[in-house]
Amino acid sequence: MKAASYIAVFIGGAVFCFLLVSLGMVDKIDTIPGTQEEPVLSLPTYLGFLSVMLTAVTAVLAALAIGIGVIAAYTFSEIKNEAAKAAAAKLDKALSEKAFNERVNKLLIARSANPTVAELEEGFDPNDDGNR
């Protein structure tokens, strides 16, 4: 497969060189004479057209990049604002009185499910805070 691709590239290059010489775009290769009159398609005209087209493509791509940058700047600031709002909402929800009471109740339920040794003793006073 590699050899076939090398042969195809060689043949394509030979055809391309033949066309350049026969159309007169290249006047002389070693001692091959060119055409007597200026060809319709000449190399300087083609190169001038190519440079104009590349400049136009560069200008279009630059404008597109600037547009994408402006859109990205607005998008990133909006994403940042939305993330800040979402974080503030979650923080408010987590610090609300209802959520606090739910956490305290879960803690009390968990503590009552696993009593300490003192609570298991006979005569335990749950209202005794230890201050005497």
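Keep in mind that this is a model prediction, so the values were computed, not measured.

## Things to note about the overall build of the chain
Next up, step 1: In terms of regular secondary structure, the chain is built from four helices and zero strands.
Next up, step 2: Walking the chain from its N terminus toward its C terminus, one meets helices and strands in the order α-α-α-α.
Next up, step 3: A total of 132 residues make up the chain; the buried ones form 5% of that total.
Next up, step 4: Of the roughly 11900 Å² of accessible surface on the chain, 69% is carried by carbon and sulfur atoms.

## A look at the confidence of the model for the chain
Next up, step 1: Summing up the model confidence of the chain, the mean pLDDT is 79 and the portion of residues at 70 or higher is 70%.
Next up, step 2: Confidence scores differ between elements of the chain, with helix H4 (residues 117–120) showing the lowest mean pLDDT of 60 and helix H2 (residues 43–94) the highest of 88.

## Regarding a nonpolar patch on the surface
Next up, step 1: The grouping of Ile7, Phe10, Ile11, Val15, Phe18, Leu19 and Leu23 at the surface amounts to a nonpolar patch, some 730 Å² of accessible area in total.
Next up, step 2: Considering the arrangement of structural elements, one finds Val15 in helix H1 (residues 2–23).
Next up, step 3: The partly exposed category is assigned to Val15, whose relative accessible area is 44%.

## Some thoughts on the pattern of salt bridges
Next up, step 1: Per the stated rule, a full pass over the model turns up one salt bridge.
Next up, step 2: For Lys85, the salt bridge identified is with Glu82, shortest N-O distance 3.9 Å. Taken together, the residues Lys85 and Glu82, both in helix H2 and three residues apart, mark about one turn of the helix.
Next up, step 3: Look at Glu82 and you get partly exposed, because its relative accessible area is 46%.

The rules we used
Residues numbered from 1 in each chain as written. Predicted model: local features only at pLDDT ≥ 70, side-chain atom pairs only at ≥ 80, totals over all residues. Heavy atoms only, no water. Helix = DSSP H or I, 4+ residues; strand = E, 2+ residues; numbered from the N terminus. Buried < 20%, exposed > 50% of the residue type's maximum accessible area, 1.4 Å probe, protein only. Areas by Shrake-Rupley, 256 points an atom, 1.4 Å probe, with all protein chains shown as cover. pLDDT = per-residue confidence, 0-100. Patch = residues over 30% accessible without salt bridge, like charges linked within 9 Å, V, L, I, M, F, W, Y side chains within 5 Å. Salt bridge = Lys/Arg side-chain N within 4 Å of Asp/Glu carboxyl O.

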